[in-house]
Every structure is written in structure tokens, then in C-alpha cells.
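What the coordinates show
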Amino acid sequence: MKNFNIANRQIDHISILEISGELDAHTASHLENSLQELIASKHIHIIVNCKLLDYIASAGLGVFMAYIEDVRSMGGDIKLSNMNDRVFNVFDLLGFPTLYDILEDERDAIKAF
Amino acid sequence: MTNSHKILTLTVHSSTKHLSEVRDFIGDYVKTLGLPQREISEIQLAVDEAYTNIIKHAYKNIPSNLVKVEIGASSTHLCISIYDKGESFKPNQYKAPDILKRVKNKQRGGMGVFLIQKLMDQVQYSRKGTMNEIRMIKNL
């Protein structure tokens, strides 16, 4: 995908997805595949670092909505970190900050596990 | 009449691969109006959501169909219309999503219309003949 990329890192038992670019209805399947692979391999402590994410549409939020319950029911979580104001605004408009752990920095997200 | 008051149109096929092109088209126009970056992003998002809904719901993901995006501005309003010839949206049957319930039920979607309504000042749906129009207005 030209305008969306994912880099995957592992710190101890925590999987970190660094997402960059634009997450919309076209690119959401890329993130979905990455999350599915992690969950299938029992990597359920997941941080999505949004530092380089420029843009998100509701299709992107829909990916998190689809998997968060599964991950939590397995004892894990999907935490989000390093969002810029514009991306956070979209999460906020839909009331996501009450449902998701959204942290200022990746280090805070690691500590929160 | 200044350049920003011109009406510009973009016609694209109904495919999500054109989403970034549509956002750029809107962004380039709105930037000439001198709006802050946050408002520019919000207007791009509203158009993205409307176009995505047309692709998915009006045209059922069939990419050969066409969607026309039209943008214009006066000194007081920005007006964006998106036209399609697919199945029309019925706003009276729309219910705002209960996000918590959707997360519990692992449902997604249904958030686009809600976002459009939050981000724009007026949203009107109409159908003339076989043509649907969503008109979104932002007060300047």
C-alpha cells in the first residue's frame, strides 16, 4: 500500500505495531491482517503506536472495534499510543477514549500492561 | 470573484483506491480558504466517509460505477456535493450507533454518517431521478 505501512516489533511479550500514513477503507485490511496474524499466534498484548499515522477514517477505527473484545477475552489488550491531535480527535468524536487505553507515549503503554 | 469561489468537480470510480485522491482534491481546495489544519482534516474526513458509504452501500463495492464530487465556496459557506446513481440512503431509517454495544458485539461500521453529521454544519440527502446527492455545508 503506497500510503500506509506497518512495522512490527516485539518487546518481551508485547507486540508493537508502528503504523504510518493514512488508515482508511482502502488500507484498513492491511492493519486487519496484521492484527489477525498476531492474535492467531497468541500475541495478545498489543500496542499500536500511531506516531507516524497522519490520518484515520472510521474504517480504521472499525478494525480496532472488531478485535478488541477477542483480545481482552483472551486476557490481553490492544493499547494505542502516540496519536497526533487530528487522529485523536476522530477517536474522541466517537467516544473511543472511554473504551480503549489511549496513552501519550509507547513507554506508558508498555507500563500499562 | 476569487479563485477559491470557483466550483470544481472530480469524477472517480467507486473504489476505495481513489479515497486519497478525493481527500487531496478536497484538501487542496479548502487550503485556499485559509482554514486551520484541524478543520481541513475534518472536512476531508466527512467527504471520505460519504464517499466510502457510496462505494459500500450505494454501489455495493462494484468499482465500475462513477461518483462525482463537487466543491464550491462563498464568503460564508463551503458546499460539497457528492453524486451517485446507486441505491439511495434513507436518513429516516438511520440510527446513531451505540459504540459500546457495537464493540461488545464485534460489529463495525455505521460510524460514517454519525461523523459526517458531527463534522459538518448541514447535511442534506436528496434524489432527483436516478441521481442521489449528499450535500454537506460548512459555515466559514
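**Details of the interface of chain A and chain B**
Between chain A and chain B, the contact holds 21 residues from the first and 22 residues from the second. For the side of chain A that touches chain B, the secondary-structure elements that each account for two or more residues are α2 (58–73) and α3 (85–93) of chain A. Partitioned by chemical class, the residues of the side of chain A that touches chain B number 11 nonpolar, six polar and four charged.

**Observations concerning the nonpolar core**
Within the largest apolar cluster, 64 residues are counted, with the highest numbers of intra-cluster contacts made by L23(A), A46(B), V47(B), A50(B) and Y51(B). With 10 residues, the single largest contributor to this core is helix α2 (residues 37–58) of chain B. With sequence-adjacent residues up to four places away left out, A46(B) is seen in contact with L115(B), I116(B), L119(B), M120(B) and M136(B).

**Considerations on the sheet that holds strand β2 (residues 66–73) of chain B**
All names here are of chain B. Strand order across the open sheet formed by five strands is β1-β2-β3-β5-β4, with antiparallel pairing between neighbours. Bordering the open sheet on either side are β1 (8–13) and β4 (122–128), each of which pairs with just one other strand. Averaged over neighbouring strand pairs, the angle between their axes works out to 15° when direction is ignored. Here strand β3 (residues 77–84) pairs with strand β5 (residues 131–139) via eight bridges, running antiparallel. Bridge pairing links H77 to N139 in β5. The strands touched by helix α1 (residues 19–31) are β1, β2 and β3; relative to β1, the strand with the most contacts, the crossing angle is about 170°.

**Let's talk about the packing of helix α1 (residues 28–40) of chain A against α2(A)**
All names here are of chain A. With their axes 9 Å apart at the nearest point, α1 and α2 run at an angle of 15° to one another. Overall, the two elements α1 and α2 adopt an arrangement that is roughly parallel. Regarding α1 and α2, the two cross each other, and that crossing is right-handed. Residues A28, L31, E32, L35 and I39 of α1 lie in contact with α2, whose contacting residues are A59, G60, G62, V63, Y67, D70 and V71. Split by residue class, the contact of α1 with α2 holds eight nonpolar, two polar and two charged.

The rules behind each value
- Residues numbered from 1 in each chain as written.
- Chains lettered and ligands numbered in written order.
- Predicted model: local features only at pLDDT ≥ 70, side-chain atom pairs only at ≥ 80, totals over all residues.
- Contact = placed C-beta atoms within 7 Å.
- Helix = DSSP H or I, 4+ residues; strand = E, 2+ residues; numbered from the N terminus.
- Nonpolar A, V, L, I, M, F, W, Y, C, P; charged D, E, K, R; others polar.
- Core = buried A, V, L, I, M, F, W, Y, C linked by C-beta atoms within 7 Å.
- Buried ≥ 20, exposed ≤ 12 C-beta atoms within 10 Å, placed from the backbone.
- Pairing = 2+ DSSP bridges.
- Axes fitted to C-alpha atoms, helices over the stretch in contact; angles between N-to-C directions.
- Parallel < 35°, antiparallel > 145°, perpendicular 65-115°, else oblique.
- Left-handed = near helix turned anticlockwise from the far one by under 90°.

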